[in-house]
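A structural walkthrough
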Amino acid sequence: MQKYMDPDKRMTAKDAIDRFVNNGESFVFANCLYSMPLALAHELIRQGKKNLMAFQQGGIEEIDQLLLAGSLDRLVLAYNFRAGGPRITTPLDRALKERQIVVEELTNHTLLSMMKAGAMGYPFIPVLSGIRVTDVVKRKGFMGDQRFSEITDPFTGNPVLVIKGYNPDFALMHVQRADKAGNGQLWGAMINSKWACLAAKKVILSCEKIVDTEVIMSSPHLTIVPAHKVCAVVECPWGAHPSELLGHYDYDFPFRALFFGSCASPEGAKAWMDEWIYTVGDRHEYIEHYVKRFGQETLDAFRAKSFKSVDADYGSTFSTDWNESGYSRNMGMNMDEFVAMLDKKGVLIHGN
Amino acid sequence: MGTNYTVNELIVSRAAKELKDNELVVIGQGIAMAAGVLARKTHAPNSVILTEAGMFGIDPFKVPLHIADPTCSRGFTYSCDMIDIFTTVVNRGYVDATFLGVGQIDRYGNMNSSYLGDPDDFTIRMTGAGGAPEFVGYANRAILTMSGGTFVNTLDYFTSPGFVTGGDSRYEAGMPEGSGPTMLITTKGVFKFAEDTKELYLAGLHPGVTVEEIKADVPWDLNVADTLEITPFPTEEELTIIRTFSPEVSMGRKLQLEVVMNRVIDLLSKNA
């Protein structure tokens, strides 16, 4: 399995998507709803990536945007937000009706189980069997038989519903902080993040801030993706806007409403995509454009106040068995006495 | 503020009464979350609310935008993930109750939140299954709310299991014994499930609604309880809590989008 051992993987979103994404590949959103990797998703769109297969637990705007751009031809989905209510034809409705994409409908639990099995290297994993009576299991999408099956519990003889494991080609992920090697730290709503990024063959990671490895070393419980899984690290403030990220910003509902409202017509949606994705070069320009259109105070109103986690103390004596005076706590002797003891016991082999 | 109320506020107020104190409750967004929070702020202060995103013991001061919105609470007590919720919590039988919104429902409380019309030639793709099938399938009780949905003889798409084909069929299909939906609250009244057949019947009316109005919405010959409870008006205290916590739930999504769009247009014109 390919590992990514480069100690410094910092690059721009443009370089990361250009170097590590090929047309026709499969990918998973390793955040859903919370901390959406929207800067990275918009870069996929700007570079015109095509024929991608997306796994998404719960979409808000990113699935609709990728469909408007024509980036996807296969979609594995559990939930997609409908802000406009039942009367608006969404980009997803339109893409399905016009056969632009094929879809596989799963549940949050079963889609994530597919990732968990893939992450653990298992061919399949049991899921909650009661849903076998539903159309989620009975109606097959484009994956056909390559999703649910039923096996017999070898211990009780009862039937058990199982789902196949899957390893997407890459994951897109946005976190609060990472070091330059790609140890990524996320906190807040953990949802699918751990299993999605571990299932993927590689992770393209963006973060609000790149920090010293010392910060990571003192808080490893927050590391959700280890560096060897990560092929690129992109420092990208506001990288999840308009979704929310604890310690940084709340969600921006009015901005979202602008996108949802624009989706009422194909022309409106195209105008939104032109203004907020195609004519801005990167996330920095996107935020500059936002400030120009809505004002700095509108953006600043979403900034988070601080609510710091009480530090977990990762300290110890930071010493070997030999203390500052060269005296062993365990043996009650110094180094000379230790060597003399070894000699006396006849375990020292004499060299030159 | 007075005691004039919106129909969503009436649903929230009635649904909240179904949650008891000291219960562990899984809640989604919107009306469901407003009901859970109202219960916690009134008669069920020791209930523990969690969402399927893995946030345990949240204390929401506003309605979350979605099930993974941690900005609704100043921290929480246990951070796990979605697979932990469905396996270590739901599958192990720790969930007392769940609140869920309904798109289409049949006489045995089976639900559709996926497609309206033939799924291969549909008119609308609704949100999709999300966490609903396993929550309704495995929570001890499910309290259902329906504000824009419909009663049908046959679901266009069977997303979430209620009592399947009635009687004991739900338990024969593998769902936990004794589990299942206990109540449906619509914009017009309150429905429960018969103990033996598990068929929906009318148990109560919202103020000013007649049995005939409700029967007109239901395509099968609806059973009606001998005595019908009239849903109590939301109190002033309840209305204050609901409107402070979630004005968006009070007004409903359609009006919310209209109001917010006006705000966006206002912002854009100020900076033009």
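Residues numbered from 1 in each chain as written. Chains lettered and ligands numbered in written order. Predicted model: local features only at pLDDT ≥ 70, side-chain atom pairs only at ≥ 80, totals over all residues.

**Quick look at the overall build of chain A**
Cut-off, in case you're wondering: A run of H or I in DSSP becomes a helix once it reaches four residues, and a run of E becomes a strand once it reaches two; helices and strands are each numbered from the N terminus. The exposure scheme places C-beta atoms from the backbone and then counts, for each residue, the other C-beta atoms within 10 Å of its own, assigning buried at 20 or more, exposed at 12 or fewer, and partly exposed in between. What counts as a contact is two residues whose backbone-derived C-beta atoms lie within 7 Å of each other.
Helix and strand counts for chain A stand at 13 helices and twelve strands. When the backbone C-alpha atoms are referred to their principal axes, chain A occupies close to 90 × 65 × 40 Å. Here chain A, with 352 residues, has 46% of them falling under the buried criterion. For chain A, contacts bridging at least 24 residues in sequence account for 76% of all contacts bridging at least 6.

**Examining the overall build of chain B**
The test is simple: Throughout, radius of gyration means the C-alpha value; the globule benchmark is 2.2 Å times the number of residues raised to the power 0.38.
A tally of regular secondary structure across chain B gives nine helices and 15 strands. Taken against the 2.2 N^0.38 rule, which gives 19 Å for 272 residues, the C-alpha radius of gyration of chain B at 19 Å falls within 12% of a compact globule. Residues classed as buried in chain B amount to 51% of the 272 residues present. The long-range share in chain B, meaning contacts at least 24 apart out of those at least 6 apart in sequence, stands at 66%.

**Quick word on the domain arrangement of chain A**
Threshold: The start and end points of each domain follow an automatic or database-based domain assignment.
Domain parsing of chain A yields domain 1 (13-243) and domain 2 (316-352). Distance from the C-alpha centre of domain 1 of chain A to the C-alpha centre of domain 2 of chain A: 54 Å.

**Things to note about helix 2 (residues 38-46) of chain A**
All names here are of chain A. Burial analysis of helix 2 places seven of its nine residues in the buried class, the great majority of the element. Taken together, the buried positions of helix 2 are occupied by L38, A39, L40, A41, H42, E43 and L44. Buried-residue contacts for helix 2 involve helix 1 (13-20), helix 3 (62-68), strand 8 (170-178), strand 10 (203-210), helix 10 (266-278) and helix 11 (283-294). Trailing helix 2 by a residue or two, G48 shows a phi angle of about 65°, which is positive.

**Quick word on the interface of chain A and chain B**
For clarity, the threshold we go by: For this scheme, ten residues count as nonpolar: Ala, Val, Leu, Ile, Met, Phe, Trp, Tyr, Cys and Pro. Four count as charged, namely Asp, Glu, Lys and Arg, and the remainder, Gly too, count as polar.
Listed per partner, the contact involves 56 residues of chain A and 53 residues of chain B. Counting only elements with at least two residues in the side of chain A that touches chain B, the list comes to strand 3 (72-80), helix 4 (91-97), helix 5 (108-120), helix 6 (135-138), helix 7 (193-199), helix 9 (253-262) and helix 11 of chain A. Looking at the side of chain A that touches chain B, the element that brings in the most residues is helix 9 of chain A, giving six residues. Residue composition of the side of chain A that touches chain B, by class: 29 nonpolar, 16 polar and eleven charged.

**Here we look at the packing of helix 9 of chain A against helix 9 (residues 253-271) of chain B**
How we decide: Interaxial angle, 0 to 180 degrees, is taken between N-to-C directions of lines fitted to C-alpha atoms, where a helix line uses only the stretch in contact. Here the word oblique covers every angle except those under 35 degrees (roughly parallel), over 145 (roughly antiparallel) and from 65 to 115 (roughly perpendicular).
Orientation of helix 9 of chain A relative to helix 9 of chain B, taken along the N-to-C sense of each, is 105°, at an axis distance of 9 Å. Here helix 9 of chain B runs roughly perpendicular to helix 9 of chain A, going by the angle between their axes. The residues of helix 9 of chain B that touch helix 9 of chain A, namely those facing F253, P254, A257, L258, F260 and G261 of chain A, are L257, V260, M261, R263, V264 and L267 of chain B. When its residues are assigned to classes, the contact of helix 9 of chain A with helix 9 of chain B shows ten nonpolar, one polar and one charged.

**Thoughts on the nonpolar core**
Basically, it comes down to this: A set of buried Ala, Val, Leu, Ile, Met, Phe, Trp, Tyr and Cys residues, joined through C-beta atoms within 7 Å, is what we mean by a nonpolar core.
Ranked by internal contacts, the top residues of the largest apolar core, which has 166 residues, are A171, V203 and L205 of chain A together with A34 of chain B. For this core, the leading source of residues is helix 2 (residues 31-41) of chain B, giving eight residues.

**Some points on the sheet that holds strand 7 (residues 111-112) of chain B**
Pairing between sheet strands relies on hydrogen bonds along the backbone, with the strands arranged either parallel or antiparallel. Residue and element names in this part refer to chain B. Definition in use: Pairing between two strands is assigned when DSSP locates at least 2 bridges connecting them.
Across the sheet, which stays open at both edges, the three strands sit in the order 7-6-11 with mixed pairing between neighbours. If you trace the sheet from one side to the other, it starts and ends with strand 7 and strand 11 (150-151), each paired once. Note: strand 6 (residues 104-105) against strand 7, two bridges, orientation antiparallel. The partner of I105 across the bridge, within strand 7, is M111.

**Comments concerning unusual backbone geometry**
Residue and element names in this part refer to chain A. The step from H241 to P242 runs through a cis peptide bond, and the omega angle for that step is 10°. Secondary-structure assignment places P242 in the loop between strand 12 (230-235) and helix 9. The backbone of I191 sits at a positive phi, close to 35°, despite the residue not being glycine. Among the structural elements, I191 can be located in the loop between strand 9 (184-185) and helix 7. Among the residues examined, I191 registers 31 C-beta atoms within 10 Å and is labelled buried. With a phi close to 50°, F318 is a non-glycine residue in the positive phi region. On the basis of neighbour counts, which here come to 5 C-beta atoms within 10 Å, the residue F318 falls in the exposed class.

**Some remarks on the sheet that holds strand 10 (residues 141-146) of chain B**
Residues and elements named next belong to chain B. Spatially, the ten strands line up as an open sheet ordered 4-3-2-1-5-10-12-13-14-15, and their pairing is mixed. Every interior strand has two partners, whereas the edge strands, strand 4 (78-79) and strand 15 (223-230), have only one. Taken together, the three bridges between strand 1 (residues 24-27) and strand 5 (residues 97-101) define a ladder with parallel strand orientation. Its bridge partner lying in strand 5, V25 is registered against A97. Against the sheet, helix 2 engages strand 1, strand 2 (48-51), strand 5 and strand 10, with an angle of about 145° to strand 5.

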